[in-house]
Amino acid sequence: MDMLYITVSYVCLMMGVMLTWPSSTLLLFSSENTTLNRPMTETEVSLFGSLSSISAMISTPCSGYLLDKLGRKYSCMLFSLLQVLSWVIVTVCYKVEAIIASVVLSGLNGCMLLVVPLYISEICQESIRGTMTSAAMVFYGIGMLVSYLMGGYLAYDTMNYSCLSMTVLGVVFLVLMKESPMHLMSKGLEKEAARSIAYYRGVKITSKVVEEEIQMLRRALNPELDDLTPEVEKLQPTLEKKSKISAWKFFKKSRSTRQALMVSLVLYTSGVFQGMMVVQVYAEPLFSEAVPTMSPVICSVISAIVGVISGFIGAFLVEWAGRRSLMIYASIASGVCCLILGTQIHLHWGPHWMTALFIYLFVFTYTCGAGTVPYVLVAEVFLPEIKGLASMIAVEWNFICSFIVLFIFNPLVTAIGLGPVFYIFMAACFLSAIFCFFFLPETKGLTVDVIQNLFAKKRTQVS
């Protein structure tokens, strides 16, 4: 299990390094002293900063298909190899067109935010599933920090060669992993699934632990969960293998799946519209106003450090406090931070350092709540028959919402000013807390069949 944690965390770390790399080289590539064959034009600079998001929107639907066809392990390996190819292009090519092509390839790796949490959730025990699943976002944040530091203190070629070596090492780690037992069971490979469970639990294949988990997977693969209670299922000595139905028929048949998907989409929407992405993209002007005597690079590094620390705290709280409570209270806290930031930027009622302080507090509260819970939830609420497709839809919607927020931000700032924009973020935070109070069941430590039964209820009980 430790090997799994290290490997998938390392993959996410390298994804954070690659997707943040343009921020360290943007000024260099557009200057007369560029390391490329010529300076980038204004249009090329815009493409350089945004094409990775477009690539992620393209690769996410493909990843949903590949998760079911190739499996979790080989999907991770495929997209990691694309990342290796991207660093090879950056390392050996000095043409603007090649660098932009490398950004397109690196953006395809963005779907790992879907693949990795799914992989982890299907291997971990329920007692640690939330903490382990949130590792994807924690180490993505560490990758951002590593990218900021390497970009600030290493020479251009040194950073590129270092990152290429680190990415190759990540692929080697993945080769040593075993496939998800859930995926193997869904393909009828029960013996291979038992070997995988034994490998990750550190026990013999004949142990009781393996047999219990195989039985649990058999139950999870039963598509009739909306009609049978867990008690009734336990009375059945065996579960007959049902003919496979299409994903859309499954959606039509399973009300619990539709409810789970609706909640996931709302959480992703509210998380994006809480405004953290805007704070990250426009951190430099915000920090320039807040602490004009400090370097924006140093402020960005501090912000990344706060994000990493809060990511670890969020990984702990998601198991200790639970998904529902954490999302509610963190959203309320983020809303308060946005209210204070909005009035401070709009009215300038306090000293400049107050802006920096509450930006860091906002990073902390957001990362613990909306930056962690939706990713954990999507990885654990869907049945195996629909998990790949449903998770793909949720993550793809997340990318679409991110694009919308970034697209409308500048026109909004021009129309109403930067301060009032934070009032919109505040509203999204408070609405998110209200929605979670009424519609989000607690899923901490529960198996997928029990979670589906919670979503199948006509009215979610507030715990």
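Residues numbered from 1 in each chain as written. Predicted model: local features only at pLDDT ≥ 70, side-chain atom pairs only at ≥ 80, totals over all residues. Heavy atoms only, no water.

K.L.:
I'd like a rundown of the overall build of the chain, residues and numbers included.
P.N.:
Looking only at helices and strands, the chain features 23 helices and zero strands. The burial tally for the chain puts 55% of its 463 residues in the buried class. Excluding contacts between residues fewer than 6 apart, the proportion of contacts in the chain whose partners are at least 24 apart in sequence is 78%. Carbon and sulfur atoms make up 69% of the accessible area of the chain, which totals about 20,100 Å². (Helix = DSSP H or I, 4+ residues; strand = E, 2+ residues; numbered from the N terminus. Buried < 20%, exposed > 50% of the residue type's maximum accessible area, 1.4 Å probe, protein only. Contact = heavy atoms within 4.5 Å. Areas by Shrake-Rupley, 256 points an atom, 1.4 Å probe, with all protein chains shown as cover.)

K.L.:
How would you explain helix α10 (residues 190–201) if you had to name every residue and give the values?
P.N.:
For α10, built from 12 residues, the straight-helix expectation of 16 Å at 1.5 Å per residue is met to within 8% by its first-to-last C-alpha distance of 16 Å. Every buried residue belonging to α10 is among A193, A194, S196, I197, A198, Y200 and R201, and all of these are buried. (Expected span 1.5 Å × (residues − 1).)

K.L.:
Got a sec to walk through the nonpolar core? Specific residues and values, please.
P.N.:
Counting residues in hydrophobic clusters, the biggest one holds 135 residues, and the most contacted among them are W21, I99 and V116. Ranked by residue count, the leading element in this core is helix α1 (residues 2–30), at 11 residues. Residues within four places of I99 in sequence aside, it is in contact with W21, F29, L36, M40, F48, V90, C93 and Y156. (Core = buried A, V, L, I, M, F, W, Y, C linked by side-chain atoms within 4.5 Å.)

K.L.:
Explain a nonpolar patch on the surface to me, using residue names and the numbers behind them.
P.N.:
On the surface, I54, I58, F403, I404, F407 and I408 cluster together into a nonpolar patch covering about 550 Å² of accessible area. Elements represented by at least two residues in the nonpolar patch include exactly α2 (42–69) and α21 (384–416). With four residues, α21 is the largest single contributor of residues to the nonpolar patch. Mapped onto the fold, I408 is located in helix α21. (Patch = residues over 30% accessible without salt bridge, like charges linked within 9 Å, V, L, I, M, F, W, Y side chains within 5 Å. Salt bridge = Lys/Arg side-chain N within 4 Å of Asp/Glu carboxyl O.)

K.L.:
So what's going on with helix α22 (residues 418–439)? Residues and values would help.
P.N.:
Residues three or four positions apart in an α-helix share a direction because the helix packs 3.6 residues into each turn. Its 22 residues give α22 an end-to-end C-alpha distance of 32 Å, which sits within 8% of 32 Å, the value for a rise of 1.5 Å per residue. Along α22, the residues classified as buried are G419, P420, V421, F422, F425, M426, A428, C429, S432, A433, F435 and C436.

K.L.:
Residue-level account of the packing of aromatic side chains, with values.
P.N.:
The tally for this structure, following the rule as stated, stands at 10 aromatic pairs. Ring centres 5.6 Å apart and planes at 80° place the aromatic pair Y10 and F173 in the edge-to-face group. You can see Y10 sitting in helix α1 and its partner F173 sitting in helix α8 (residues 156–175), a full 163 residues away along the chain. By relative accessible area, which is 21% here, F173 ends up partly exposed. Aromatic side chains F362 and Y366 sit 6.2 Å apart centroid to centroid with 50° between the ring planes, which places their arrangement in the tilted category. One end of the pair is F362 and the other is Y366, both in helix α19 (residues 352–368) and four residues apart, which spans about a single turn. For the pair F362 and Y366, one class covers both residues: buried. In this arrangement the basic side chain of K178 is found over the ring face of Y199, its NZ or CZ atom lying 5.4 Å from the centre. (Phe/Tyr/Trp six-rings, centres within 6.5 Å; stacked < 30°, edge-to-face > 60°. Lys NZ or Arg CZ within 6 Å of the ring centre and 35° of its normal.)

K.L.:
For the confidence of the model for the chain, give the residues involved together with the corresponding values.
P.N.:
Confidence in the prediction of the chain, expressed as mean pLDDT, is 80, and 87% of residues score 70 or more. Below pLDDT 50 for its whole length, residues 458–463 participates in 10 contacts with residues either more than four positions away or in separate chains. (pLDDT = per-residue confidence, 0-100.)

K.L.:
Lay out the pattern of salt bridges with the relevant residues and their values.
P.N.:
Counted by the stated rule, this structure contains five salt bridges. Residue K208 is joined to E212 by a salt bridge in which the shortest nitrogen-to-oxygen separation is 3.9 Å. You can see K208 and its partner E212 sitting in helix α11 (residues 208–220), four residues apart, about one turn around the helix. A residue is classified by how much of its surface remains accessible, and K208, at 63% relative accessible area, is exposed. One salt-bridge network, held together by shared partners, links E319, R323 and E380.

K.L.:
Tell me about unusual backbone geometry, and please be specific about residues and values.
P.N.:
The phi dihedral of H348 falls on the positive side, at around 55°, and the residue is not glycine. Relative to the helices and strands, H348 resides in the loop between α18 (323–347) and α19.

K.L.:
Hey, could you go over the packing of α18 against helix α20 (residues 373–380) for me, with residue numbers and the actual values?
P.N.:
Closest axis-to-axis distance for the α18/α20 pair is 10 Å, and the angle between their directions is 155°. Accordingly, the angle class assigned to the pair α18 and α20 is roughly antiparallel. Along this stretch, α18 crosses α20, giving a crossing that reads as left-handed. Between α18, through R323, L326 and M327, and α20, the contact on the second element is made entirely by V373, P374, V376 and E380. When the residues that make up the contact of α18 with α20 are grouped by side-chain class, the tally is five nonpolar, no polar and two charged. (Axes fitted to C-alpha atoms, helices over the stretch in contact; angles between N-to-C directions. Parallel < 35°, antiparallel > 145°, perpendicular 65-115°, else oblique. Left-handed = near helix turned anticlockwise from the far one by under 90°. Nonpolar A, V, L, I, M, F, W, Y, C, P; charged D, E, K, R; others polar.)

K.L.:
Please give an account of the packing of α10 against α11 that cites residues and values.
P.N.:
For the pair α10 and α11, interaxial distance at closest approach is 10 Å and the crossing angle is 125°. In this view, α10 runs oblique relative to α11, as classed from their interaxial angle. Here α10 runs over α11; the crossing is right-handed. For the pair formed by α10 and α11, the contact residues are E190, A193, A194, I197, A198 and R201 on the first element and V209, V210, E213, I214, L217 and R218 on the second.

K.L.:
With reference to specific residues and values, describe the environment of Y119.
P.N.:
Within the element layout of this structure, Y119 appears in helix α5 (residues 112–121). Each C-alpha atom of the pair Y119 and G71 lies 9.0 Å from the other, and the pair is 48 residues apart in sequence. Those residues within four positions of Y119 in sequence are excluded, and the remaining contacts are V8, R72, K73, C76, M177, K178, E179, S180 and Y200. A distance of 3.4 Å separates a polar atom in the side chain of Y119 from a polar atom in the side chain of Y200. (Polar contact = N/O pair within 3.5 Å; in protein donor to acceptor, adjacent residues only side chain to side chain.)

K.L.:
Could you give me a rundown of the environment of A304, with the residues and numbers involved?
P.N.:
By the element assignment, A304 lies in helix α17 (residues 296–320). Residue A304 is classed as buried on the basis of its relative accessible area of 11%. Put simply, A304 and L145 are 159 residues apart on the chain and 5.4 Å apart in space, counted from C-alpha to C-alpha. Excluding residues within four positions of it along the chain, A304 makes contact with L145 and Y148.

K.L.:
Provide a residue-level description of the environment of V84, including the pertinent values.
P.N.:
By the element assignment, V84 lies in helix α3 (residues 72–92). Judged by relative accessible area, which is 13%, V84 ranks as buried. In contact with V84, other than residues within four places in its own chain, are L164, T167, V168 and V171.

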